[in-house]
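In case you want the letters, here they are:
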Amino acid sequence: GVVYEHKSIESLRRELKRNTRLCWLCGFELTKDKEMVPPAWVYTRFLKKLMGLQGEIDWMFDELVEDLRRELPDLGQYLAMDGKALLSVARPKKEREEKRDGRRDIDADKGVKTYWVKGENGNLWEQVKSWFGYKLHLIADAKYELPVAYEVTKASRNEMPEGKKLIKSLKEKHPGIIG
């Protein structure tokens, strides 16, 4: 859903129904007898369970990075860092509401990114983009285009301080990549 920028589970389900190769990549069984794309409630339940497994996800990611480092000795020679807005599909919480009921996102917040764009006449003008959700902070190997470190934060978190923390964490977890 994130890769294809789908804003809802139903939009993702339509893509999966249309794109059999994507279905196969996602591990859905391709048979003629039954529906290969699960109903919407399956995604909701899966994401809810996945949220409780962050430690295991981080461990798997770090193991994969180490496997890559052994296979690609020059992994980490050229690193790039960037941030990406991740939209929340849930509604923002109401004021003073802390109850988790699945309909509101009480962990996300509003992010704002300002760009300076040069117009056709050569003048600079400010472009402001805002979103409700999160921000992905990512360090990737620029040669192989593979991620080596990541952190997901609230959308309002600034990229520079988070990037510094990410570099420090990468150095601790994978000293063979950052020297």
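The structure this text deals with has already been given above.
Residues numbered from 1 in each chain as written. Predicted model: local features only at pLDDT ≥ 70, side-chain atom pairs only at ≥ 80, totals over all residues. Heavy atoms only, no water.

Q: Tell me about the pairing of strand E4 (residues 109–118), residues and numbers included.
A: Here E4 pairs with strand E5 (residues 124–141) via ten bridges, running antiparallel. The partner of Lys110 across the bridge, within E5, is Phe132. (Pairing = 2+ DSSP bridges. Helix = DSSP H or I, 4+ residues; strand = E, 2+ residues; numbered from the N terminus.)

Q: Describe the pairing of E5, listing the residues and the values that go with them.
A: Pairing between strand E1 (residues 79–87) and E5: nine bridges, direction antiparallel. If you follow Gly83 over to E5, its bridge partner there is His137. Where E5 lies against strand E6 (residues 146–154), eight bridges are found, and the strand directions are antiparallel. In the sheet register, Leu136 faces E6, and the bridge partner there is Val152. Taken together, E5 and the strand that follows it, E6, pair antiparallel across an intervening segment of four residues, in which Glu145 is found at a positive phi of about 55°.

Q: Tell me what's going on with the pattern of salt bridges, and back it up with residues and numbers.
A: Overall, the coordinates contain nine salt bridges when judged by the stated rule. Among the ionic pairs, Arg18 bridges to Glu15, the shortest N-O distance being 2.8 Å. Of this pair, Arg18 and Glu15 both sit in helix H1 (residues 9–18), three residues apart, which is roughly one turn of the helix. Between Lys143 and Asp74 there is a salt bridge whose closest N-O contact spans 2.6 Å. Of the two residues, Lys143 is situated in the loop between E5 and E6 and Asp74 in the loop between helix H4 (54–71) and E1; the sequence distance between them amounts to 69 residues. A residue is classified by how much of its surface remains accessible, and Asp74, at 24% relative accessible area, is partly exposed. (Salt bridge = Lys/Arg side-chain N within 4 Å of Asp/Glu carboxyl O. Buried < 20%, exposed > 50% of the residue type's maximum accessible area, 1.4 Å probe, protein only.)

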